[in-house]
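# Topology and contacts: notes
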Amino acid sequence: MSQLDGLITAIDTYFEAIHECDVTKLDDVFHPQSSLFDADNGEVFVEPIDSFRADVGGRRSPESAGQALEAEIIAIDFLSSLSATVKIRIRAHQNIFVDHLAFVKGSTGWKIVSKVWHLEKVLP
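First things first, this report covers the structure right here in the doc. (Residues numbered from 1 in each chain as written. Predicted model: local features only at pLDDT ≥ 70, side-chain atom pairs only at ≥ 80, totals over all residues. Heavy atoms only, no water.)

## Brief notes about the pairing of strand E1 (residues 30-38)
Relative to strand E6 (residues 109-122), E1 runs parallel, the two sharing four bridges. By the bridge assignment for E6, Leu36 is matched with Lys115. Where E1 meets strand E2 (residues 45-48), four bridges bridge the pair, whose relative direction is antiparallel. Of the residues in E2, the one forming a bridge with Ser35 is Pro48. Hairpin connection from E1 to E2: six residues lie between these consecutive antiparallel strands, with Gly42 at a positive phi of about 90 degrees. (Pairing = 2+ DSSP bridges. Helix = DSSP H or I, 4+ residues; strand = E, 2+ residues; numbered from the N terminus.)

## Things to note about helix H3 (residues 49-57)
For H3, the full list of buried residues reads Ile49, Phe52 and Val56. Taken down its axis, H3 places every buried residue within 60 degrees of arc, on the same side. Among the exposed residues of H3, those oriented more than 90 degrees off its buried face are Asp50 and Ala54. Those residues of H3 hidden inside the fold are in contact with helix H1 (3-20), helix H2 (23-29), E1, E2 and E6. (Buried < 20%, exposed > 50% of the residue type's maximum accessible area, 1.4 Å probe, protein only. Arc of directions from axis to C-beta. Contact = heavy atoms within 4.5 Å.)

## Some points on the pattern of salt bridges
Applying the stated rule across the entire model yields seven salt bridges. Measuring nitrogen to oxygen at the nearest pair gives 2.8 Å for the salt bridge that ties Glu72 to Arg89. A residue pair is termed long-range when its members are at least 10 positions apart, and Glu72 in strand E3 (residues 71-80) and Arg89 in strand E4 (residues 83-92) qualify at 17 residues. Looking at Arg89, the relative accessible area reads 26%, which means it is partly exposed. The residue Arg89 makes a salt bridge to Glu120 at a minimum N-O spacing of 2.8 Å. A residue pair is termed long-range when its members are at least 10 positions apart, and Arg89 in strand E4 and Glu120 in strand E6 qualify at 31 residues. (Salt bridge = Lys/Arg side-chain N within 4 Å of Asp/Glu carboxyl O.)

## Re the side chain of Lys111
On the secondary structure map, Lys111 appears in strand E6. In terms of polar contacts, Lys111 uses its side chain to reach the backbone carbonyl oxygen of Asp28, at 2.4 Å. With sequence-adjacent residues up to four places away left out, Lys111 is seen in contact with Asp27, Asp28, Val29, Phe30, His31, Ala102, Phe103 and Val104. (Polar contact = N/O pair within 3.5 Å; in protein donor to acceptor, adjacent residues only side chain to side chain.)

## Focus on the packing of aromatic side chains
Per the counting criterion, the structure on display carries five aromatic pairs. Ring plane angle 50 degrees and centroid distance 6.3 Å describe the contact between Tyr14 and Phe15, whose orientation is recorded as tilted. Three or more aromatic residues link up through ring pairs in this structure, and these residues are Tyr14, Phe15, Phe30 and Phe52. (Phe/Tyr/Trp six-rings, centres within 6.5 Å; stacked < 30°, edge-to-face > 60°.)

## Observations regarding the sheet that holds E1
Two strands in a sheet stick together by hydrogen bonds in their backbones, pointing the same way (parallel) or opposite ways (antiparallel). As summarised here, the arrangement of the six strands in space is E2-E1-E6-E5-E4-E3, forming an open sheet in which the pairing is mixed. Whereas interior strands pair on both sides, the edge strands pair on one side only; in this sheet they are E2 and E3. If you compare each strand with its neighbour and ignore which way they point, the axes differ by 20 degrees on average. Strand direction decides the pairing type here: E4 and strand E5 (residues 95-106), joined by ten bridges, are antiparallel. Residue pairing in the sheet places Ser83 in a bridge with Val104 of E5. Of the strands in this sheet, E1, E3, E4, E5 and E6 are in contact with H1, which crosses E3 at around 140 degrees. (Axes fitted to C-alpha atoms, helices over the stretch in contact; angles between N-to-C directions.)

Quick look at the structure:
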């Protein structure tokens, strides 16, 4: 498997985790010390992965609501053979998010070490 193939597999796992609200898949793709960041309300909001995991696990999944998975990779930038940044767009219910995901590759494969997200649009 090429570096790109392995990274795309990890991105697909992320898409599935969000769409299915599957914390096992979140655990597969996020580094256990990762954090998430957002500033949509004018202040920097930081959420450790454990808090995000609990939030996702407590949500009604888009999949269970009958929503098809709507996600796309916008850009991939390899910093090295072991690190990359990925820009994606994903829909969850009526919310369209754009995320910048920082990935590193260690002995257990590609893991997200940080996520910066933005609520791009809320559909009617």
